[in-house]
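For reference, the chains in residue letters:
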Amino acid sequence: MKKHNFNAGPSILPQEVTERAAQAVLDFNGSGLSLLSISHRTKDFDKILADADALFRELLHIPDNYRIFYVGGGASTLFYEVAANFLGKKAGYVNTGVWSKKAIKEAQRYGEVQILASSEDKNFTYIPKGFSIPADLDYLHITSNNTIYGTEYHEDLVSPVPLIADMSSNILSREIDVTKYAMIYGGAQKNLAPAGVSFVIIREDLLDRQVRDLPTMVNFRTHVEKNSMFNTPPVFPIYVLGETLKWLKSIGGVSEIERRNKEKAELLYAEIDRNTLFRGTVEKEDRSLMNICFVMADGYEELAPEFLQFATDHGMVGIKGHRLVGGFRASCYNALPKESVEALVACMQEFEKLHTK
């Protein structure tokens, strides 16, 4: 039976990328060595880094005054590193879910955190809009897509202060204007690579705003100046990241993947809205393209365990909702094919026929 991978992360990667990575683990570039055991101080790895940077710049139209680097530790490490580098007196945060709350908690260690807007009053079922942004903030931080609750910013925020965005779960899923951001960062295990590496895209002048003396590995200048090579970088995930960027370019780039992502999301949301057994959980205008959350409709709640088993028996993998919200979550990242969404829709329709007259 074909499996349809809706896992929220680590998540599905393009099949051809997985195959090339598997071959590289056995024999990297005909070297007779595994990618897992090559030195990062080689021309081969220099090329991997250079190619990844060039593709990132091309696909996102990143200007020359931005630098890119890769580090281990995940976005959770970057939560406190952002504040350590740039929070001197006061920073603004928008609270849209679990990950923004974690970022806020870490930032509070370094200075005042002003929560400019929050959707916690409605259990994070919408994206706050129309809030004011004080001009005296060191920076404004947002989480661009909320994997647990299924909400997403669909437009780039305009900010009078440096805008920093955690884009872990929707990087390269839609076109953005990088110049609206002073820094974009995230874990790579959704749309880019296996877990183990994080990416940072940072405007050079932001580095002049560093506010304190820091340990070497926490200081962003370390990684910018050493081109991600101050210490041994995560070689394998960076290689896969580069191969994923090549795949994305080969299919038509970000504009094409955005078209595909909208097509997949519209297909599944339409079924959620039509099907008598299910309902969506967030405001329609803020629905995520990446993490589609839904629950059983009122009166059918007791069917949730049965549907989960039914879907699992039909090859659906990873659709159980996060424990904080329950229900179901279909993560439709870049590499998920439309046929998987079609299979889930068919599964929902078949289940409906079993339980309605």
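Definitions and limits used
- Residues numbered from 1 in each chain as written.
- Predicted model: local features only at pLDDT ≥ 70, side-chain atom pairs only at ≥ 80, totals over all residues.
- Heavy atoms only, no water.
- Buried < 20%, exposed > 50% of the residue type's maximum accessible area, 1.4 Å probe, protein only.
- Helix = DSSP H or I, 4+ residues; strand = E, 2+ residues; numbered from the N terminus.
- Pairing = 2+ DSSP bridges.
- Salt bridge = Lys/Arg side-chain N within 4 Å of Asp/Glu carboxyl O.
- Core = buried A, V, L, I, M, F, W, Y, C linked by side-chain atoms within 4.5 Å.
- Contact = heavy atoms within 4.5 Å.
- Axes fitted to C-alpha atoms, helices over the stretch in contact; angles between N-to-C directions.
- Parallel < 35°, antiparallel > 145°, perpendicular 65-115°, else oblique.
- Left-handed = near helix turned anticlockwise from the far one by under 90°.
- Nonpolar A, V, L, I, M, F, W, Y, C, P; charged D, E, K, R; others polar.

Student: What am I meant to see in the pairing of strand β12 (residues 291-296) here?
Tutor: The side chains of a regular strand alternate, residue by residue, between the two faces of the sheet. The buried count for β12 comes to 6 of 6 residues, which makes it a mostly enclosed element. Relative to β12, strand β11 (residues 278-280) runs antiparallel, the two being bridged by 3 bridges. Counted as the bridge partner of Gly280 is Phe294 from β12. As paired strands, β12 and strand β14 (residues 328-331) are joined by 4 bridges and run antiparallel to one another. When the sheet's bridge partners are listed, Cys293 is paired in β14 with Arg329.

Student: Would you take a moment to explain the pattern of salt bridges for this structure?
Tutor: A side chain of one charge can pair with a side chain of the opposite charge when the charged atoms of the two come close. Per the counting criterion, the structure on display carries 26 salt bridges. Close ionic contact of Glu106 with Arg109 constitutes a salt bridge, the shortest N to O distance being 3.0 Å. Given the relative accessible area of 57%, Arg109 is considered exposed. Arg221 is the salt-bridge partner of Asp208, the closest N and O atoms lying 3.0 Å from each other. Of the two residues, Asp208 sits in the loop between β10 (198-203) and α5 (220-225) while Arg221 sits in helix α5, which places them 13 residues apart along the sequence. Given a relative accessible area of 28%, Arg221 falls into the partly exposed group.

Student: So what exactly am I meant to see when it comes to the nonpolar core here?
Tutor: One recurring pattern in soluble globular proteins is that nonpolar side chains are buried together. Phe56, Tyr70, Leu172 and Leu192 are the most contacted members of the largest nonpolar core, which has 58 residues in total. The residues contacting Phe56, other than those within four sequence positions of it, are His61, Ile62, Ile68, Tyr70, Ile171, Leu172, Leu192, Phe199, Ile201, Leu241 and Leu245. Among the nonpolar cores identified, the runner-up in size contains 32 residues, and Tyr269, Ile272, Met290 and Ala330 belong to it.

Student: Would you explain the packing of helix α3 (residues 74-86) against helix α4 (residues 98-107) in this entry?
Tutor: When two helices pack together, their arrangement is given by the angle between the helix axes and by the axis-to-axis distance. Direction vectors running N to C along α3 and α4 enclose 40 degrees, while the axes themselves pass 8 Å from each other. It follows that α3 is oblique to α4 by the angle criterion. Note on packing geometry: the crossing formed by α3 with α4 is right-handed. Note on element contacts: α4 touches α3 through Trp99, Lys102, Ala103, Glu106 and Ala107, opposite Ser76, Phe79, Tyr80 and Ala83. Of the residues belonging to the contact of α3 with α4, the class tally is 6 nonpolar, 1 polar and 2 charged.

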